[in-house]
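Architecture at a glance
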Amino acid sequence: MKKIWTVIKREYISHVRTKAFIISTVLGPVFMLAITVLPVIMAVSGKGEKSTLAVVDGTGVLQADFAGELAKFKMGDGSEKYTVVPVAPEADADAQKSELGRGVMSGKYSGYLYIPADALSEGTAEYASRQTSDFNQIETLSHTLSDVVVGKRLKAEGLNPDKISAYTKPVKMDTVKVSEKGRERDTGGSFIVTFVLVMVLYMTMFMYGAMILRGVLEEKTNRVVEVVLSSLRPFQLMMGKILGIALVGLTQYAIWALFGYFLTQYGGSIVGSIAPGAKASGFAMASIPPYVFVYFVVFFILGYLLYATLYAAVGSASNNEKEAQQMLFPVTMCLIVPILMMQYVMRSPNSSLSVILSMIPFFAPILMLQRISIVLPPLTQVLGSIVLMILTTVGMVWLSAKIYRVGILMYGKKPSIPEIVKWIRYK
Amino acid sequence: MNYAVEMEHVSKKFGAFTAVKDLSLKIPRGAVFGLLGPNGAGKTTSIRMMLDIIIPDEGKIGILGRAMNEAMKSKIGYLPEDRGLYPKMKVGEVLEFLAEIKGVPRSAAPAALDKWLAKFELAEWKDKKVEQLSKGMQQKIQFIATVVHDPELIILDEPFGGLDPVNTKLLKDVMLELRADGKTIVFSTHRMEQVEMICDDICLINKGEAVLRGRLQDIKKEYGKNTVVLEYEGSIDFLKGNPDIEKIDDYGRAAEIRLKEKADPQEILKILAGRVRVAKFEIQEPSLNAIFIEKVGRSEQ
């Protein structure tokens, strides 16, 4: 036991000191901050550039209304975003378009909008600019023009556009989650929390699994493993490595969780101080029941252990990263299948397919946790999947230890499946 | 039961391949024991079984008079043939880690490794990363890792592989010092001249089986004084086919000539004298190299 502890300590210290660990630990929060704060800042201040738009109105009746609508778009400082320059239509449309095109090229206009004479019935307008990548702006122009044209058409039929838009107003609908706590409004918060929890689990199994694989391979290819094995049993080395890297992961999560807590407490005021224009969004989150987090920890630990042993076995059996990647295929599949099934389980969490998939130990960490966070399944299913996972993990630790013990000292060609089966049978 | 290592009828198979077959060995305490054999003879497998890294299919192994167990591992020092350390760790840390898993208490480790680092003149490298050291220095660090926990039994797999002459001498001297301290040293090699310099007992294995074993002096005596070691200038091709000669190992400027029983070395000297310049002509026991080639060569046929 003392030897395992020594191995754990070495693993932990040597990983925590690497640049990769320090960078990813620091960049994690920076990334978190970026994805929470940046969109708000961009939404508030990102209004694009000012545009000078030449408008040729072939119909002669749209120009004023169109310019009026566009004047409603403002920049951050309150000035108008669009400057409309009316241009009288000429007989030769193509010649006029070429002329305007030259104006765009010279920088006189940032673009021109050509509205043909038959725009009110069926004609196609044309917008030209040096850059046609600002979809927002194109959409704005297209919508504004459409609204103005539709308004004109309705008026021509003797209808009141304002009334029409009042009549065709869509009905709003709130989503309410009913749980033991009663009724709560939910605008997608519980979906996002589920998604984040499951993704954290998935990333953990992927990232730290790969870390174990590389560590085992490193010891094998550096040939340091034989000296170590003259002092302790292969099982002690394997478990020491798995537990040491688990501590590395937990350290990283603890730092991130602390930062996440800080962000939720003070995030609003940070956004507020950077972009005063930002208002609280209408985003409401149903409260997450605490048992979800308890189960998260349980499935986190079990899922990590289950996959860690598989990664260790694969690492010990292969000679280099390339071989390891090939042998890893079945393990990777076991991780990807539940991700592919997530959407299905999200929609029908209690269908028999969802129940069966979430009971399979290799899928359970992701799918059962997902089901738990949507709506708590019957306790028998939850406990059943936990018991199955514990049994499988114990079995996998035993099996991986057998493969590891032989594989770690085998150099040369890539072992086949029958060979690995033979290793397991060795005394 | 005063043996450092005692193997009784030990066999190990890997699939269809028999690595070690019915091997019995008794290595006395305090001896320097050479485990000899060509590449692939089963030396490393035998050593790994002594160390409990792999488990024999059949037979029993006793270490220092007892059956192998976890606690015994701290009394053994092992230098594997394929050497390696953690390249990103500092020299001092690697040695502390390896000492600690050998059961050296944290408080005692620094003093022990400082003593050895000083002996090998590596003290100023203690805080450097392993990867910054030259190959030769890494080899010395690895040897320190083998002995830092003051083991009773030291097992070295091809210890001289890749060492320059200066370091070979240094290592040999340390090995003899350790023997003087009463430690048992087992080492494997296929380089016979090193064995002759320091071994008390040897076992020659080929294809997993022991083909020759015992005290080095006894073995040589058994082969008798019928070998001529010759240094010369010219060509000795004319000796081929001579009825008195059993075998010639010709190295170009030197040769080892095995005579047939009852042949007179003086006759050979007479033949040589007229035709090549003889720089050295010595009658002695056969070299271990010649015995090795003969034993291994014979079983090949």
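Let us look at the structure shown here.

The rules we used
- Residues numbered from 1 in each chain as written.
- Chains lettered and ligands numbered in written order.
- Predicted model: local features only at pLDDT ≥ 70, side-chain atom pairs only at ≥ 80, totals over all residues.
- Heavy atoms only, no water.
- Helix = DSSP H or I, 4+ residues; strand = E, 2+ residues; numbered from the N terminus.
- Buried < 20%, exposed > 50% of the residue type's maximum accessible area, 1.4 Å probe, protein only.
- Areas by Shrake-Rupley, 256 points an atom, 1.4 Å probe, with all protein chains shown as cover.
- Patch = residues over 30% accessible without salt bridge, like charges linked within 9 Å, V, L, I, M, F, W, Y side chains within 5 Å.
- Salt bridge = Lys/Arg side-chain N within 4 Å of Asp/Glu carboxyl O.
- Contact = heavy atoms within 4.5 Å.
- Buried area = accessible area lost by both parts, 1.4 Å probe.
- Polar contact = N/O pair within 3.5 Å; in protein donor to acceptor, adjacent residues only side chain to side chain.
- Nonpolar A, V, L, I, M, F, W, Y, C, P; charged D, E, K, R; others polar.
- Pairing = 2+ DSSP bridges.
- Axes fitted to C-alpha atoms, helices over the stretch in contact; angles between N-to-C directions.

**Topic: the overall build of chain A**
Scanning chain A for helices and strands turns up 16 helices and 6 strands. Residue burial in chain A is summarised as follows: out of 427 residues, 42% are buried. When the accessible area of chain A is evaluated, it comes to approximately 22,900 Å², of which 67% is carbon and sulfur surface.

**Quick notes on a nonpolar patch on the surface**
A cluster of nonpolar residues, I22, I23, V26, L27 and V30 of chain A, forms a patch on the protein surface that exposes about 450 Å² of accessible area. Within the secondary structure layout, V26 of chain A lies in helix α2 (residues 19-45).

**A short note on the interface of chain A and chain B**
Counting from both sides, the interface comprises 25 residues of chain A and, opposite them, 29 residues of chain B. Between chain A and chain B, roughly 2,800 Å² of surface is buried when both sides are summed, and carbon and sulfur atoms account for 55% of that area. Viewed at the interface, chain B and chain A are joined by 5 salt bridges. Counting the contacts that link chain A with chain B gives 6 residue pairs in polar contact (both at pLDDT 80 or more). Within the residue set of the side of chain A that touches chain B, elements represented by two or more residues are α1 (2-16), α7 (189-221) and α8 (225-229) of chain A. With 5 residues, the single largest contributor to the side of chain A that touches chain B is α1 of chain A. Per-class residue counts for the side of chain A that touches chain B are 9 nonpolar, 5 polar and 11 charged.

**So, the sheet that holds strand β11 (residues 227-233) of chain B**
Residue and element names in this part refer to chain B. The sheet built from 4 strands is open, its strands ordered β12-β13-β11-β14 with antiparallel pairing. Because the sheet does not close on itself, it has two edges, and the strands there are β12 (245-250) and β14 (277-284). Looking at each pair of strands side by side, their axes are set apart by 20 degrees on average, direction ignored. Here β11 pairs with strand β13 (residues 254-259) via 5 bridges, running antiparallel. Pairing of V228 across the sheet is with I257, part of β13. Against the sheet, helix α8 (residues 265-275) touches β11, β12, β13 and β14, its axis set at about 175 degrees to β14.

**Looking at the sheet that holds strand β8 (residues 184-189) of chain B**
All names here are of chain B. Pairing in this open sheet of 6 strands is mixed, and the strands run β6-β7-β8-β3-β9-β10 from one edge to the other. Where the open sheet ends on each side, the last strands, each with one partner, are β6 (76-79) and β10 (209-215). On average, each strand axis in the sheet is inclined to that of its neighbour by 15 degrees, with strand direction left out of account. Pairing of strand β3 (residues 32-36) with strand β9 (residues 201-206) involves 4 bridges; the strand directions are parallel. Bridging from a neighbouring strand, F33 pairs with D201 of β9. Across the face of the sheet, helix α1 (residues 43-50) comes into contact with β3, β6, β7 (153-157), β8 and β9 while running at roughly 155 degrees to β7. Its contacts with the sheet place helix α4 (residues 135-147) against β6 and β7, and it is angled at close to 160 degrees to β6.

All quantities given are derived from atomic positions and should not be read as evidence of function.
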